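# Architecture at a glance
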Amino acid sequence: MISATKFTQPASKAARHFAGIRLLSSSPIVAAEKNANSSRPKADRTQSMAFTKKEAGSKRTRSGTSTSVNLSAANPAYYTDPPKPKLDLLSKDTATASRLNTFMQIDDGFLQNTGKGRYPGHLAADFKLFGKPALLYRQVTQTLVDQMAQNAETAPKRATVLDGQNGAGKSAELLKLATVAATSGHIVIYALSTLPWVNSSRPYGPGYKSDLFVQHELVNELLRSVVAVSRDALNKVPLGRSVTLGKKTLESEKTLADLIDLGLQTPSLAHDALDQLLDIARTQTVVPVFIGLDEVNTLWCQTSYRDQEDSILPANRFRLARSFLPFFEGQSLAKGWVVGTTSYAEVRFMPKDLKTKLNPPPAIPIANPDLVRDPGVSELSFDVLKVERLSSAEAWGLMQFYQKANIVTTPVTEGLVAKKWVYANGNPRQMFAGVTTYF
């Protein structure tokens, strides 16, 4: 006979587990460890073994093109501050042939007024590595400066467009030319990049009672840069006629500076102010005018903006591009110079027909003289100046500065310069890439 002994069900695995935890936690050893750990600081979960969160403060750092290294606890035997070569400031007085093949510093104030921390082309990486905005004064620079001095008295009938391979230095030459123009008393209308005009990155909208589209924000930025760089020159030029913007009329004795100030007060009038500025500036003879547009090929391209029917808009449907287009299609200045540069970096904004005209295929001699000229290819409406590769002397000056800036740590010899020059085919951008591969 089975006894009436009371049987209990065996404890589940989870129950045995929690029972063990209660037993272990009641141990005096564990209690002592808990008391000791309570005094320790809690771990910062924002930090890891591989990367450390950058602290705010004034710690000494060295910055490369993409990294920032804290040098507060660095061994001074291995990490030292890079040398800061002293450079002359580029201006109308220092832009002379005696400066050929040397680096010159670009005025920080001019860069802030025209770019607000942005730089044309790929120059941001260069300036960051140099520790200052500095550019090589080349033979083509001297040629452009001399030409601008001549055009200050009698302007040419056609604009000039700087063309060349990617990295040849077109944007750098235009920046140097605009800097010299600003110190020479010109009215400087300089756009360091026209890509935002066409790449759908900025606000736009249909114009009032017009088939053109407006870009008030971009025009306001351009007007602010013009008045910041050239206020003294603008104050010397009277309007010469009464000008009405919105509900306010400026008398003829007012100046171009007053015109821009009025346009900036009401952003919706910025386009009207720009058109009036260009119309008066191109005919006056009081002070010379410099108009510089980087990536000027965008004036003839198909943009990334779309209209109300979702159709792609050409650049000439925008009032901003339409304001400058006549200067590259035959309209001239009374005093000054209109200069643009091409860019092949964004292929979609380089029209194929323009590219063909700028870089025609090699001419093949043929017997029939009537077929020498292709009737389907029209002439360009502007002059083209090719920015060629670096000369051997310019390459030497480039590498010497790289050594002074601690970018090149090996001795600069003729063999080293020749090697870098040949590998890069004399292209300044490729030479820069060749010596900064590991930065």
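Located above this text is the structure these notes cover.
All of the points below concern the structure found in this document. (Residues numbered from 1 in each chain as written. Predicted model: local features only at pLDDT ≥ 70, side-chain atom pairs only at ≥ 80, totals over all residues. Heavy atoms only, no water.)

## Concerning the sheet that holds strand 14 (residues 336-341)
The sheet built from 5 strands is open, its strands ordered 6-11-14-5-15 with parallel pairing. Taken across any chain shown, the strands that pair with only one partner, and hence form the sheet edges, are strand 6 (187-191) and strand 15 (383-386). Neighbouring strand axes in the sheet, compared pairwise and without regard to direction, differ in orientation by 20° on average. (Pairing = 2+ DSSP bridges. Helix = DSSP H or I, 4+ residues; strand = E, 2+ residues; numbered from the N terminus. Axes fitted to C-alpha atoms, helices over the stretch in contact; angles between N-to-C directions.)

## Overview of helix 5 (residues 139-151)
An α-helical turn contains 3.6 residues, so a residue and the one three or four places further along point in the same direction. With 13 residues, helix 5 extends 19 Å between its outermost C-alpha atoms, agreeing within 8% with the 18 Å of an ideal straight helix rising 1.5 Å per residue. Within the sequence span of helix 5, burial applies to Val140, Thr141, Gln142, Leu144, Val145, Met148 and Asn151. Looking at the buried positions of helix 5, the neighbouring elements they touch are strand 4 (134-137), strand 5 (160-163), helix 6 (170-183), strand 11 (289-293), strand 14 and strand 15. (Expected span 1.5 Å × (residues − 1). Buried < 20%, exposed > 50% of the residue type's maximum accessible area, 1.4 Å probe, protein only. Contact = heavy atoms within 4.5 Å.)

## Focus: the packing of helix 13 (residues 414-423) against helix 14 (residues 428-435)
One way to put it is that helix 13 packs onto helix 14 with a least axis distance of 8 Å and a crossing angle of 120°. One way to sum up the angle between helix 13 and helix 14 is to call them oblique. Where helix 13 crosses over helix 14, the handedness of that crossing is right-handed. Contacts from Lys420, Trp421 and Tyr423 of helix 13 reach helix 14 at Gln430, Met431, Gly434 and Val435. When the residues that make up the contact of helix 13 with helix 14 are grouped by side-chain class, the tally is 4 nonpolar, 2 polar and 1 charged. (Parallel < 35°, antiparallel > 145°, perpendicular 65-115°, else oblique. Left-handed = near helix turned anticlockwise from the far one by under 90°. Nonpolar A, V, L, I, M, F, W, Y, C, P; charged D, E, K, R; others polar.)

## Observations regarding the nonpolar core
Nonpolar side chains tend to gather and get buried jointly when the protein is soluble and globular. Ile189, Leu256, Leu277, Phe324 and Phe328 are the most contacted members of the largest nonpolar core, which totals 59 residues. Secondary-structure elements contributing two or more residues to this core are strand 6, helix 7 (216-235), strand 9 (243-245), helix 8 (256-265), helix 9 (270-283), strand 11, helix 10 (319-324) and helix 11 (352-358). With 8 residues, helix 7 is the largest single contributor of residues to this core. Contact partners of Leu277, with chain neighbours within four places excluded, come to Ile189, Leu223, Val226, Leu234, Leu256, Leu259 and Ile260. Core analysis: the next-biggest nonpolar cluster, separate from the first, contains 52 residues, Val145, Phe290, Ile407 and Val412 among them. (Core = buried A, V, L, I, M, F, W, Y, C linked by side-chain atoms within 4.5 Å.)

## What about the packing of helix 12 (residues 392-404) against helix 14?
Working note: a packed helix pair is described by the angle between its axes plus the distance between those axes. Helix 14 packs onto helix 12 with a crossing angle of 35° between their chain directions and a minimal axis gap of 12 Å. Remark: the crossing between helix 12 and helix 14 carries right-handed chirality. Contacts between helix 12 and helix 14 involve Ala395, Leu398, Met399 and Tyr402 from the first element and Met431, Phe432 and Val435 from the second. Across the contact of helix 12 with helix 14, the residue classes break down as 7 nonpolar, no polar and no charged.

## Thoughts on the packing of aromatic side chains
For the coordinates displayed, the defined rule picks out 16 aromatic pairs. Note on Tyr204 and Phe213: the rings are 6.0 Å apart at their centroids and 45° apart in plane angle, and the pair reads as tilted. Phe213 sits in the buried class, given a relative accessible area of 3%. For the pair Trp300 and Phe328, a centre-to-centre distance of 6.4 Å together with 85° between the ring planes defines the contact as edge-to-face. Taken together, the residues span a long stretch of sequence, with Trp300 in the loop between strand 11 and strand 12 (302-306) and Phe328 in the loop between helix 10 and strand 14 at a distance of 28 residues. Classification of Trp300 as partly exposed rests on a relative accessible area of 27%. For Phe328, a relative accessible area of 0% puts it in the buried group. Three or more aromatic residues link up through ring pairs in this structure, and these residues are Phe103, Phe130, Phe401, Tyr402 and Phe432. (Phe/Tyr/Trp six-rings, centres within 6.5 Å; stacked < 30°, edge-to-face > 60°.)

Purely geometric stuff here, so don't read any function into it on its own.
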